[in-house]
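Structural overview
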Amino acid sequence: DIDRWVIHQVFKYIGADNPADPIKGTNRIIAINLSGDSVNDSKLLDFILAEKEKFDISLTNICFEITETVAISNLMKATLFINKLKEHGCVFSLDDFGSGLSSFAYLKSLPVDYLKIDGSFVKDISRDEIDRAMVESIQQIGKVMKLDTIAEHVEDEATLQVLKTIGIDFVQGYHLGRPQALDH
C-alpha cells in the first residue's frame with residue numbers, strides 16, 4: 001500500500017508539472033524504491049500503467065529500484081515486470097548490489113540500467129582496501145555491461161573522491177544533501 005501511495009503521489013506530481021513534458025525541460029530521473037511484496041504483486045504493473053494514463057504522463061523520468069534479494073528470489077517475475085515497464089520508457093536500478101551471494105551470476109539475465117552499489121561497501125571505501133576492490137569490480141562489470149553505477153551512503157569528501165577516482169557514475173548520501181520534500 002505504501003509503494004502504491006508513493007507511485008500515485010510521484011505520478012500526480014509529474015502530471016501537475018507539465019503534462020506535455022513531465023519534468024520541464026530536464027532529463028532528471030525520479031527513483032522509486034519497490035518492496036519485495038510490490039514486485040511480487042501481479043496487479044502492480046496494471047496499477048502503474050493505470051496511474052500513468054490517469055495523470056497523462058510519460059514514464060521516461062521514472063526509475064524503479066528493486067533490491068538484489070528481491071530480484072534473486074523471483075528472477076523470472078522480476079525480469080518480466082522490468083521488461084514490460086521498459087516498453088513504456090521506465091529505467092531500473094538494481095539496489096543494494098553486491099549484498100547477495102550470487103550477484104554476478106544472475107546479473108546477465110536482469111535487464112536493468114543501473115547498478116546501485118550496496119552502502120556497506122561504500123561507507124569505508126577510503127579506509128578499507130577490500131571495500132575499494134569490491135566497488136572497483138562492480139564498476140568494472142557495470143562498464144562492460146554498459147550499466148551506469150550508483151554508490152549510496154556517501155557521507156564524506158574522502159569517500160566521494162575515491163568514488164570519482166574509480167569512475168562511479170552517480171553518488172548519493174548525506175554528504176551531497178539530506179532528504180527533503182519532493183517539491184523542494
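Time to look at the nonpolar core. Counting 47 residues, the largest nonpolar core has Phe11 and Phe64 as the members making the most contacts within it. Each residue touching Phe64, except ones within four places of it in the same chain, is listed here: Ile7, Phe11, Ile32, Leu34, Ile48, Leu85, Cys90, Val91, Phe92 and Ser93.

All right, on to the confidence of the model for the protein chain then. When pLDDT is averaged across the protein chain, the result is 87; 90% of the residues are at 70 or more. Mean pLDDT values for the elements of the protein chain range from 69 in helix H6 (residues 103-107) up to 97 in helix H9 (residues 157-166).

Further remarks concern unusual backbone geometry. The backbone of Lys146 shows a phi angle near 60°, a positive value even though the residue is not glycine. Positive phi is not limited to glycine here, since His153 has a value of about 70°. Assignment of secondary structure puts His153 in the loop between strand E5 (148-151) and H9.

To continue, consider the pairing of strand E2 (residues 62-67). Two faces belong to every sheet, and in a regular strand the side chains alternate between them. For E2, the tally of buried residues reaches six of six residues, placing the bulk of the element in the interior. Neither face of E2 is left uncovered, since the one carrying Ile62, Phe64 and Ile66 and the one carrying Cys63, Glu65 and Thr67 both have all their residues buried. As paired elements, strand E1 (residues 30-34) and E2 share five bridges and run parallel to each other. Bridge pairing links Leu34 to Ile66 in E2. Two strands pair when backbone bridges link them, and E2 and strand E3 (residues 91-97) are joined in this way by five bridges, in the parallel orientation. Considered in E3, the bridge of Thr67 is made with Asp95.

The subject of this paragraph is the packing of helix H3 (residues 44-54) against helix H5 (residues 75-86). At a closest axis distance of 11 Å, the pairing of H3 and H5 adopts a crossing angle of 15°. Relative to H5, H3 is oriented roughly parallel. Crossing of H3 against H5: the hand is right-handed. Judged by residue contacts, Leu44, Leu45, Ile48 and Leu49 of H3 engage Phe81, Lys84 and Leu85 from H5. Split by residue class, the contact of H3 with H5 holds six nonpolar, no polar and one charged.

Let's shift gears to the packing of helix H8 (residues 129-144) against H9. Two quantities define a packed helix pair, namely the angle between the axes and the distance from one axis to the other. It is at 10 Å that the axes of H8 and H9 come closest, and there the two elements cross at 40°. What the angle tells us is that H8 and H9 run oblique. As H8 packs across H9, the resulting crossing turns out to be right-handed. Residue-level inspection shows Arg132, Val135, Glu136 and Gln139 of H8 in contact with H9, the latter providing Val162, Leu163, Thr165 and Ile166. Its residues placed into classes, the contact of H8 with H9 shows four nonpolar, two polar and two charged.

On strand E4 (residues 114-117), burial covers both faces: Tyr114 and Lys116 on one face and Leu115 and Ile117 on the other are all buried. Two strands pair when backbone bridges link them, and E3 and E4 are joined in this way by three bridges, in the parallel orientation. What sits directly across from Ser93, in E4, is Tyr114. Bridge count for E4 against E5 is four bridges, and the pairing is parallel. If you follow Tyr114 over to E5, its bridge partner there is Asp148.

Taking 1.5 Å per residue, 12 residues should reach 16 Å; H5 reaches 16 Å between its end C-alpha atoms and fits that length. Those residues of H5 not exposed but buried are Ala78, Thr79, Phe81, Ile82 and Leu85. Projected down its long axis, H5 shows its buried positions confined to an angular sector of 165°, all on one face. Among the exposed residues of H5, those oriented more than 90 degrees off its buried face are Met76 and Leu80. Close packing links the buried residues of H5 with E1, helix H2 (36-39), H3, E2, helix H4 (68-73) and E3.

Calculation notes
- Residues numbered from 1 in each chain as written.
- Predicted model: local features only at pLDDT ≥ 70, side-chain atom pairs only at ≥ 80, totals over all residues.
- Heavy atoms only, no water.
- Core = buried A, V, L, I, M, F, W, Y, C linked by side-chain atoms within 4.5 Å.
- Buried < 20%, exposed > 50% of the residue type's maximum accessible area, 1.4 Å probe, protein only.
- Contact = heavy atoms within 4.5 Å.
- pLDDT = per-residue confidence, 0-100.
- Helix = DSSP H or I, 4+ residues; strand = E, 2+ residues; numbered from the N terminus.
- Pairing = 2+ DSSP bridges.
- Axes fitted to C-alpha atoms, helices over the stretch in contact; angles between N-to-C directions.
- Parallel < 35°, antiparallel > 145°, perpendicular 65-115°, else oblique.
- Left-handed = near helix turned anticlockwise from the far one by under 90°.
- Nonpolar A, V, L, I, M, F, W, Y, C, P; charged D, E, K, R; others polar.
- Expected span 1.5 Å × (residues − 1).
- Arc of directions from axis to C-beta.

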